[in-house]
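Observations on chain architecture
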Amino acid sequence: MSNAPAPGGKAGLRPQDRLATLVIAVLVMAVAVAAIIVAGDFPPTMLETDVGPARFPIIFAVALLVLCAILVFNTLRAPAAPPDDPAEAEPKASYGTVAIGIVATAVCLYAMEFVGYAIATPIYLFGLMWLMGRRNLLANAAIAAVLTALIYAAFAIALSVPLPVGSLFE
Amino acid sequence: MYELDMLLHGAQALLNQPMALLLALFGVTLGIIIGALPGLTATMGVAILLPFTFGMDPLSGLLMISGVFFGGIYGGSVTAILLKIPGTPAAAATAIDGYELTKKGQAGIALGTATFSSFLGGTASVFVLIFLAPVLARFALEFSASESFALAVFGLSIIASISGVSVIKGLISGFLGLLLATVGLDPMGGFPRYTGGYTELFNVPFIPVMIGLFAAAEAFKSLEDPQVRAGMAAALDRIIPPWHMFRRQLGNIARSSGLGIVIGMIPGAGADIAAFVAYNEAKRFSKTPENYGKGELGAVAACESGANGCTGGALLTMLTLGIPGDAVTAVMLGALTLQGLQPGPLLFKDHADLVFTLFAGMLVCYVFMLVVGLGSLRFMGRILQMPKSVLTPCILALCIVGTYAINNSMFDIWIMLAAGVVGYFMQKWDFPASPVVLALIMGPMAEANFRRALSLSNGSYDFLYTRPITAVLLTIAILTLMLPLLRRLWAQRSAGGPSTINPAAGSSRMGTPE
């Protein structure tokens, strides 16, 4: 996310940064509007001296709308950054790996509800190591098993914190 | 001097009880481990050990629990600095600059500074507890709902300081956090807000959100790095900070410890609030505030001394008035009563020997914390030498297990994952995560106390300016919020034109003018 300063001393925005900022601002504004609409259904307070359950969420949501509007205005007004120098360009990020990692985490959580920590975690660790470029299957399996056991020992045995058993084994 | 004589007698008595000292050492070590593990807080550590104290003599039981308390508050800083996983909410502030120092290859110095600052802050707070207990406890009693509301607003005003490169984006993060904080039961009427019928959302699950925003988001970011095999070898070359470097932090540590002690005394305000307030004040007093957020040693020193200073403050009101300053001391209050001791002024009169032996033991606990902390840092630092392709999966597994450990709830883990994904995008587009966590901590405190204060004043808003402490805190809060704007105007005037961008003024790296 490095942006070279535009002529005149002002830092510039790359087109993709401008678009992302605008998308985020619009999403947050949508959340704020939804919060205000839902707060309209909150019951009025029974106490004369209270402001009720809706007052604070509405104040925060309105503040968010104002701040996002300022952000949108500033983002549209900001000058464009000159194109990146290919020689100084950072290595390209692998967003596919991030997406697979997030999906793998969700799958692990889903599986953990059924098969428990002891089965889901080593498979998850093994998969993530493979995803991150470690291709030695035997070593990965051993590391995954050891890490799973260490975490289990620290939480479940040493600190008596129960870990998910899974509905299949309950 | 009565207190000093009693303390010396207490120290002598303590020397004759090697088992109590051994249990204190065990408590401190366990506390550091618990603090370092995500999801396990000092409160949980104390609660876990509480049943084991039933069969012990009062001194041994209370010292072991104090050891867990002190170690737990400090332990959170280790993983916050090394991995950006704040083991405890109090370490969330430490993670901001601590992890930046690790990325610069200065993890050893950061950890060493955190350890010494924790020791100094904690020790100072115990001395205050010994010598000033009755006077300060009376001051704490002045805090009612309106003062607590003002303190929360003051805490929230720090958002401007921890916003990083863009104050507007920081404020958006902060208000998003405040809106999130309203999810759950309404603090006055108990009406469920934005819960969608899920009872799990009746209390804002802010620790899962914190773990997700800081640790999981960082792990997801590691996944996009094509050079994942490399670890950060040799990052812990030096642990003891050079004297010339540490000497500059002594004033900062003294101020932060004092703030921590005062905040610790206030019921409802804990080490997390103390750490953020100390961070803000350190930045305000710093000659180089523009370095905060980019790996400033002063920030680590302030957060750690503030958070550990809080321990003595929280114990102070608990022991002298029976009012726990935070969740840990609430559990400790239970331990005290289980031992047949009634907190309050009579405790110091009827059980003076035990109380001063306990105080001497608390000082020893902090010495243990220093020794165990410094001794284990090099071992903990080996974590950094692990290849990222092993470390990242390990961090994610710890996030999952640590989150589950809080309430034994799978629902919390899904919240953590959602927060991790949101945190990843926030990090990607320069929206800081710390204001969200700060707002989740302070938001409920602000709303509940404002509405309580309003009820106490029969619906009149006069309490905002008629109560001196409230008025002073609110004024400082407004000034704190205005400071970045004033700095920017000052910089523009000094430079003689509006076009100059000064990083100190909080201008955006992405060039979003504010």
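Up top is the structure these notes are about.
All values derive from a computational prediction rather than experimental measurement.

Residue and element names in this part refer to chain B. Space inside the second largest pocket adds up to approximately 1200 Å³. If you trace the second largest pocket, you find 45 residues lining it, with F206, I207, D272, A327 and I441 closest to the centre. For the lining of the second largest pocket, the elements supplying multiple residues, two or more each, are α3 (42-49), β1 (184-185), α9 (206-223), α12 (271-285), α14 (327-338), α17 (388-407) and α19 (434-456). The element that contributes the greatest number of residues to the lining of the second largest pocket is α19, accounting for 8 residues. When its residues are assigned to classes, the lining of the second largest pocket shows 26 nonpolar, 12 polar and 7 charged.

Below, the discussion takes up the packing of helix α2 (residues 55-77) of chain A against helix α8 (residues 167-181) of chain B. Direction vectors running N to C along α2(A) and α8(B) enclose 155°, while the axes themselves pass 9 Å from each other. Of the possible angle classes, the one that applies to α2(A) and α8(B) is roughly antiparallel. The way α2(A) lies across α8(B) gives a crossing that is left-handed. Taken together, the residues of α8(B) that come into contact with α2(A) (itself represented by P57(A), F60(A), A61(A), A63(A), L64(A), L67(A), C68(A), I70(A) and L71(A)) are I168(B), K169(B), L171(B), I172(B), F175(B), L176(B), L178(B) and L179(B). Considering only residue class, the contact of α2(A) with α8(B) consists of 16 nonpolar, no polar and 1 charged.

The residue N203(B) is located in the loop between β2 (192-193) and α9 in this model. With 289 residues separating them in the primary sequence, N203(B) and Q492(B) have C-alpha atoms 45 Å apart.

Our focus in this paragraph is the pattern of salt bridges. Pairing is possible between side chains of opposite charge, provided their charged atoms come close. Overall, the coordinates contain 11 salt bridges over all chains when judged by the stated rule. Linking D50(A) and R451(B) is a salt bridge whose minimum nitrogen-to-oxygen distance equals 2.8 Å. Placement of the pair is D50(A) in the loop between α1 (15-39) and α2 and R451(B) in helix α19, with the two residues belonging to separate chains. Like R451(B), D50(A) is buried. R451(B) is the partner of E447(B) in a salt bridge, and the nearest nitrogen-oxygen pair spans 2.8 Å. Highlighted residues: E447(B) and R451(B), both in helix α19, separated by 4 residues, approximately one helical turn. The class for E447(B) is buried, based on a relative accessible area of 3%. You can call R451(B) buried: its relative accessible area is 0%.

Per the stated rule, a full pass over the model turns up 18 aromatic pairs over all chains. Here the guanidinium or amino end of R255(B) rests over the ring plane of F285(B), the centre of that ring lying 4.2 Å away.

All names here are of chain A. On the surface, Y110, F114, I119, I123, V165, L168 and F169 cluster together to form a nonpolar patch covering roughly 740 Å² of accessible area. At the level of elements, α3 (95-115) and α4 (117-131) are the ones that each hand at least two residues to the nonpolar patch. Its location among the elements puts I123 in helix α4.

Turning next to helix α11 (residues 250-265) of chain B. In an α-helix, one turn spans 3.6 residues, which is why side chains three or four residues apart end up on the same side. Between the first and last C-alpha of α11(B) there are 23 Å, a value that for 16 residues agrees with the 22 Å anticipated at 1.5 Å per step. Along α11(B), the residues classified as buried are N252(B), I253(B), S256(B), S257(B), G260(B), I261(B), I263(B), G264(B) and M265(B).

Thresholds applied
Residues numbered from 1 in each chain as written. Chains lettered and ligands numbered in written order. Predicted model: local features only at pLDDT ≥ 70, side-chain atom pairs only at ≥ 80, totals over all residues. Heavy atoms only, no water. 1 Å grid on protein atoms, 1.4 Å probe; cavity = no way out; pocket = protein on both sides within 12 Å on 5 of 7 lines; lining within 4 Å. Points joined across faces, edges and corners; volume = space filled by probe spheres on them. Helix = DSSP H or I, 4+ residues; strand = E, 2+ residues; numbered from the N terminus. Nonpolar A, V, L, I, M, F, W, Y, C, P; charged D, E, K, R; others polar. Axes fitted to C-alpha atoms, helices over the stretch in contact; angles between N-to-C directions. Parallel < 35°, antiparallel > 145°, perpendicular 65-115°, else oblique. Left-handed = near helix turned anticlockwise from the far one by under 90°. Contact = heavy atoms within 4.5 Å. Salt bridge = Lys/Arg side-chain N within 4 Å of Asp/Glu carboxyl O. Buried < 20%, exposed > 50% of the residue type's maximum accessible area, 1.4 Å probe, protein only. Phe/Tyr/Trp six-rings, centres within 6.5 Å; stacked < 30°, edge-to-face > 60°. Lys NZ or Arg CZ within 6 Å of the ring centre and 35° of its normal. Patch = residues over 30% accessible without salt bridge, like charges linked within 9 Å, V, L, I, M, F, W, Y side chains within 5 Å. Areas by Shrake-Rupley, 256 points an atom, 1.4 Å probe, with all protein chains shown as cover. Expected span 1.5 Å × (residues − 1).

No statement about biological role is implied by the geometric values presented.
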